[in-house]
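Here are the chains, one letter per residue:
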Amino acid sequence: MASNKRKTQRRFVARNSGIHGKGVFATMRIPAHTRLIEYKGQRLSEAQVDKRYADDDDPHTFLFSLDDGMVIDASVGGNSARWINHSCAPNCEAVDDGDRIYIETLRAIRPGEELSYNYGIELEERHTPELKRLYQCRCGARHCKGTILQPKKKTKKK
Ligand SMILES: C[S@@+](CC[C@H](N)C(=O)[O-])C[C@H]1O[C@@H](n2cnc3c(N)ncnc32)[C@H](O)[C@@H]1O
Ligand SMILES: [Zn+2]
């Protein structure tokens, strides 16, 4: 039967990644500065996150920390944004818009390219060799920093 429904091809798809587990790949050319998807999930306070993951030492995370202290846990109600891996040379960025987070392209992306953004993970504790090993980056970028952790901000000594 004939149908007027126009099939819209998805711009990206989740599949196995060489960086880690599942990743998200462009299925077509995507122009620079395109809003791709919202980072969805359950909103929790830091206390709720601490309670939920109290016994969890695994650095693998679907958590996204917001500036207001809340956290999005994409393991509950998350969409395919949760599969986007970190890169030290990212082609996307996470953009804060109101109280929502969107993933947007930083530059034009070719079909087949893996989407990535800088997680910017900041840990309060000292970045010991053990911690750096746990958070080792496998993005494969020429100038990969070797860790998905954000460098510590230098504080001025008096
Ligand atoms: C939001 S998930 C991304 C999807 C992930 N690949 C998966 O299959 O579950 C984030 C986790 O993926 C892993 N990951 C993401 N980017 C990485 C990278 N560049 N190097 C190593 N592990 C990475 C880390 O374990 C991180 O906590
Ligand atoms: Zn890297």
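Residues numbered from 1 in each chain as written. Chains lettered and ligands numbered in written order. Predicted model: local features only at pLDDT ≥ 70, side-chain atom pairs only at ≥ 80, totals over all residues. Heavy atoms only, no water.

**Q** With reference to specific residues and values, describe the site of ligand 1.
**A** Within the structure, ligand 1 sits among 19 residues, and His-20, Lys-22, His-60, Asn-85 and His-86 are positioned closest to it. One nitrogen or oxygen atom from the side chain of His-20 is found 2.8 Å from a nitrogen atom belonging to ligand 1. Within the backbone of Pro-59, an N or O atom sits 3.3 Å from an oxygen atom of ligand 1. Taking 560 Å² as the accessible area of ligand 1 by itself, protein coverage stands at 93%. (Near = heavy atom within 4 Å. Polar contact = N/O pair within 3.5 Å; in protein donor to acceptor, adjacent residues only side chain to side chain. Areas by Shrake-Rupley, 256 points an atom, 1.4 Å probe, with all protein chains shown as cover.)

**Q** Go over the pattern of salt bridges, please, and point to the residues and values.
**A** All told, the structure shown has seven salt bridges when counted by the stated rule. The partner of Arg-100 in a salt bridge is Glu-38, with the nearest N and O atoms 3.0 Å apart. With Arg-100 in strand β9 (residues 100–105) and Glu-38 in strand β3 (residues 35–38), this residue pair connects regions lying 62 residues apart in the sequence. For the salt bridge of Glu-130 with Arg-133, the shortest nitrogen-to-oxygen distance reads 3.3 Å. Note that Glu-130 and Arg-133 are positioned in helix α2 (residues 129–134) at a spacing of three residues, about one turn of the helix. Classification of Glu-130 as partly exposed rests on a relative accessible area of 44%. Members of the salt-bridge network, linked through shared partners, are Arg-35, Asp-97 and Glu-104. (Salt bridge = Lys/Arg side-chain N within 4 Å of Asp/Glu carboxyl O. Helix = DSSP H or I, 4+ residues; strand = E, 2+ residues; numbered from the N terminus. Buried < 20%, exposed > 50% of the residue type's maximum accessible area, 1.4 Å probe, protein only.)

**Q** Residues and numbers for the coordination of the zinc ion (ligand 2), please.
**A** Within the protein, the atoms that donate to the zinc ion (ligand 2) are Cys-88 (SG), Cys-137 (SG), Cys-139 (SG) and Cys-144 (SG), at distances of 2.3 to 2.4 Å. Geometry at the zinc ion (ligand 2) is tetrahedral, judged from its four donor atoms and the angles of 105 to 113° they form at the metal. Judged by its relative accessible area of 6%, Cys-137 is buried. With a relative accessible area of 27%, Cys-144 lands in the partly exposed category. (Donors = N, O, S within 2.8 Å, 3.2 Å for Na, K, Ca; no water. Tetrahedral: all angles 85-135°; square planar, octahedral: opposite > 155°, others 65-115°.)

**Q** Tell me about the environment of Gly-23, and please be specific about residues and values.
**A** Structurally, the position occupied by Gly-23 is in strand β2 (residues 22–26). With relative accessibility at 0%, the residue Gly-23 sits in the buried group. Separated by 58 residues in the primary sequence, Gly-23 and Ala-81 place their C-alpha atoms 9.2 Å from one another. Among residues more than four places away in sequence, those in contact with Gly-23 are Val-13, Ala-14, Arg-15, Asn-16, Ser-17, Trp-83, Asn-85 and Glu-114. (Contact = heavy atoms within 4.5 Å.)

**Q** Any chance you could break down unusual backbone geometry for me, citing the residues and the numbers?
**A** Positive phi, normally seen in glycine, also occurs at His-33, with a value near 60°. One can find His-33 in the loop between β2 and β3.

**Q** Just give me the short version of the sheet that holds β9, but keep the residues and values in it.
**A** Here three strands make up an open sheet; going across it, the order is β3-β9-β8 and the pairing antiparallel. Both edges of this open sheet fall to β3 and β8 (92–97), since each of them pairs with a single strand only. Between one strand and the next, the sheet's axes are offset by a mean angle of 30°, whatever the strand orientation. Pairing of β8 with β9 involves six bridges; the strand directions are antiparallel. Note that in β9 the partner of Glu-93 across the bridge is Glu-104. (Pairing = 2+ DSSP bridges. Axes fitted to C-alpha atoms, helices over the stretch in contact; angles between N-to-C directions.)

**Q** So what about the packing of aromatic side chains? Which residues, and what values?
**A** Taken as a whole and assessed by the stated rule, the structure comprises four aromatic pairs. Measuring from ring centre to ring centre gives 5.2 Å for Tyr-39 and Phe-64, while their planes differ by 50°; the resulting arrangement is tilted. Of the two residues, Tyr-39 is situated in the loop between β3 and β4 (42–44) and Phe-64 in strand β5 (residues 63–65); the sequence distance between them amounts to 25 residues. Note on Phe-62 and Trp-83: the rings are 5.4 Å apart at their centroids and 90° apart in plane angle, and the pair reads as edge-to-face. Remark: Trp-83 occurs in the loop between β6 (71–73) and β7 (85–86) and Phe-62 occurs in the loop between α1 (46–52) and β5; sequence separation between them is 21 residues. Every member of this aromatic cluster is reached through a ring pair, and the members are Tyr-39, Phe-64, Tyr-117 and Tyr-119. (Phe/Tyr/Trp six-rings, centres within 6.5 Å; stacked < 30°, edge-to-face > 60°.)

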